[in-house]
Each structure stands twice: as structure tokens, then as C-alpha cells.
Amino acid sequence: MSDAPVTAIVEFQIRPENVTMDGWLDIWDKRARDAWEGEPETSAYAAAVNLDDERNVLVFERYTHGEGSIGKHQQREAHAELTRTMGERNVTKRRVMSALFEDIPDYGWWSRADADGRAGAAGAIVTLLGMRFADDATRAAFIEVSGGHAEYCWREEPETLIYTGGLAAADTDREVDLKTGDLVFVMVTTDMAATEKHANDPNHLALGAKFAERGIAMEQVFLRSYRATGNGYFWR
């Protein structure tokens, strides 16, 4: 792995006979506060509940310097304490899925200076979309076209807080069929109304024709949506 920024997404299913979602988040929140206070290279560490299964919680993580920053995160005493506490209380049933992807340079944005990446993210909608392309050239063409649309969204959609993505660094080992080099697109909006506004915007709908003109075809390998709990932070 390079020294470039990376995003990790890990989805867990809680063990409802032993804990409520609020109880699980109370345990995890202590770790999130430690990351905020003591890990300057952990640029995001937020929790969000799966909209299709309220037993599932996503931990959304970003690291400034790739594997080096991940190592520092994992070496914290708070990380060991979280692992111990979760194990002793038997509150996590299973890991549903996980993926790691490296930033695509100059593609969209990961934060807005005029919005609060911490408390202000409560209730935000997180959309994760995995896409596969026939070859690198097709993927590059998609990034070019969608990157141009991101410039429009930055100007016209202040409710769109994050709009970008990265390339999968490895194959996933469960639930979603994500392969190395697949594109993982990330969008975070203030609420569901903002998500729907983005989806129905005429400029967004026009992307289909632009992709067709360029001969850009893609396979959707997964699509998941979550609601942020307000625990942790999406950016500093």
C-alpha cells in the first residue's frame, strides 16, 4: 500500500440479545473520542446504521498516510480496550463486510469547510456504490466524466457533504463482490431529502447519456445506504 490517503469501511452486525444499537455505540464512542483527540492521521472515524438492516452498523474510517496511519490507529491503547470490551460483553455477532480503497487524486471532495464534520453529521445519509469496469481505460473515462459532474455538485449542492471515491486495494472476503481495482464511490448528504434531490437533478440524470456517448459501461457490484448516528466524525 502507498502512503496515499485511504478509506476503510467495516460493517458489523450487533448481537441484539446482548446489546441494543445504542449500547453498542456507547462502547464504540469512547474509541471514536480517542481517535478525535489523539490520532491526527485518522481523518475520519464515524458510525452509521444500515438503512436496510437496523442490526448492522458501518464504521467509516479514513487515514492520511495509508498503512502507516492505520498502524498507529491500531496500536492505541483505546483500540485494545475496545477489542477487549466488545469481546467480554459479546456484543458483536459478525463482521458483515469490509473494504479498503485508496483515494483517486483530484476527484470530488471529502469535506466541506462550511459544514461540521463531527456533530453536524448526525442523521447524514451515507451511500456506498461499488463499480467494476472492463478495463482501466473505461474506468478512467468514467472518473473523468463523473469528476466533471462533481464540480457542478460542489457549486449547486451544499447539502452534499462528501462526493468522491477510491480504488479497492484488495478483494473483499465476504458479502460484497468487490475486487482489487474496482471503484468505490462515496456520497454523504445532510439527509434523505438531499440524497433524493441529488439523484433527481437533471444534470445528474444527464450523466447516463454522457456515459453512453463515451461508450462507458460499468457493472454495479454493490449499493448500500446508511444513516449517520452522530458518533465520531467524517472529517476534521
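Throughout this document, residue positions are counted from 1 along each chain, in the order its sequence is written. Given that this is a predicted model, residues contribute local features only at a pLDDT of at least 70 and side-chain atom pairs are listed and counted only at 80 or more, while totals for whole chains, interfaces and linings are drawn from all residues. Hydrogens and water are ignored here; the side-chain numbers use all heavy atoms of the structure.

Novice: Before we go on, may I ask you to explain the sheet that holds strand β8 (residues 219-233) in this structure?
Specialist: Two modes of strand pairing occur in sheets, parallel and antiparallel, and in both the strands are linked by backbone hydrogen bonds. Two strands are said to pair when DSSP picks up at least two bridges between them. Strands are runs of DSSP state E lasting at least two residues, helices are runs of H or I lasting at least four, and both sets are numbered from the N terminus onward. In spatial order, the strands read β1-β3-β2-β8-β5-β7-β6-β4; together these eight strands close into a barrel with antiparallel pairing. For this sheet the average axis-to-axis angle between neighbouring strands, irrespective of direction, equals 35°. In terms of strand pairing, strand β4 (residues 92-103) meets strand β6 (residues 160-168) through three bridges, oriented antiparallel. Note on β6: the bridge partner recorded for Phe-101 is Ala-168. Across the sheet, helix α2 (residues 66-74) is in contact with β1 (6-14), β2 (42-50), β3 (56-63) and β4; its angle to β3 comes to roughly 120°. Lines are fitted to the C-alpha atoms to define the axes, a helix being fitted only along its stretch in contact, and any angle between axes, read from their N-to-C directions, falls within 0 to 180 degrees. Contacts are assigned to residue pairs that have any heavy atoms within 4.5 Å of one another.

Novice: Looking at this model, I keep getting lost on unusual backbone geometry. Mind explaining?
Specialist: Note on backbone geometry: most residues besides glycine have negative phi, and most peptide bonds are trans. The phi dihedral of Asp-106 falls on the positive side, at around 55°, and the residue is not glycine. Of note in this structure, Glu-175 is not a glycine but carries a positive phi near 60°. For Glu-175, the position within the fold is in the loop between β6 and β7 (183-189).

Novice: Help me understand the environment of Phe-234 in this model?
Specialist: With respect to the helices, strands and loops of the structure, Phe-234 is situated in the segment after β8. Distance from Phe-234 to Leu-205, taken between C-alpha atoms, is 27 Å for residues 29 residues apart in sequence.

Novice: In this structure, what is going on with the pairing of β1? I would like to understand it.
Specialist: Across a regular strand the side chains alternate sides, sitting on one face of the sheet and then on the other. Burial within β1 is extensive, with eight of its nine residues counted as buried. As paired elements, β1 and β3 share eight bridges and run antiparallel to each other. The residue of β3 that forms the bridge with Val-10 is Val-59. Sheet topology places β1 next to β4; nine bridges connect them, and they run antiparallel. Bridge pairing links Ala-8 to Leu-100 in β4. Exposure is judged per residue with a 1.4 Å probe applied to protein chains only, and the accessible area is read against the type maximum: over 50% gives exposed, under 20% gives buried, and values in between give partly exposed.

Novice: I would appreciate a short explanation of the side chain of Glu-157 in the present structure.
Specialist: Position of Glu-157 among the secondary structure elements: in the loop between α4 (136-156) and β6. Notably, Glu-157 is buried but unbridged: the nearest opposite-charge side chain belongs to Arg-112, and the N-O separation is 6.8 Å. Ignoring any residue separated from it by four or fewer positions in sequence, one finds Glu-157 in contact with Arg-112, Tyr-152, His-198 and Asp-201. Note that His is not counted, nor are the chain ends; the positive residues are Lys and Arg, and the negative ones are Asp and Glu. In the sections that follow, a salt bridge refers to a side-chain nitrogen of Lys or Arg positioned within 4 Å of a carboxyl oxygen of Asp or Glu.

The analysis is restricted to geometry; functional conclusions fall outside its scope.
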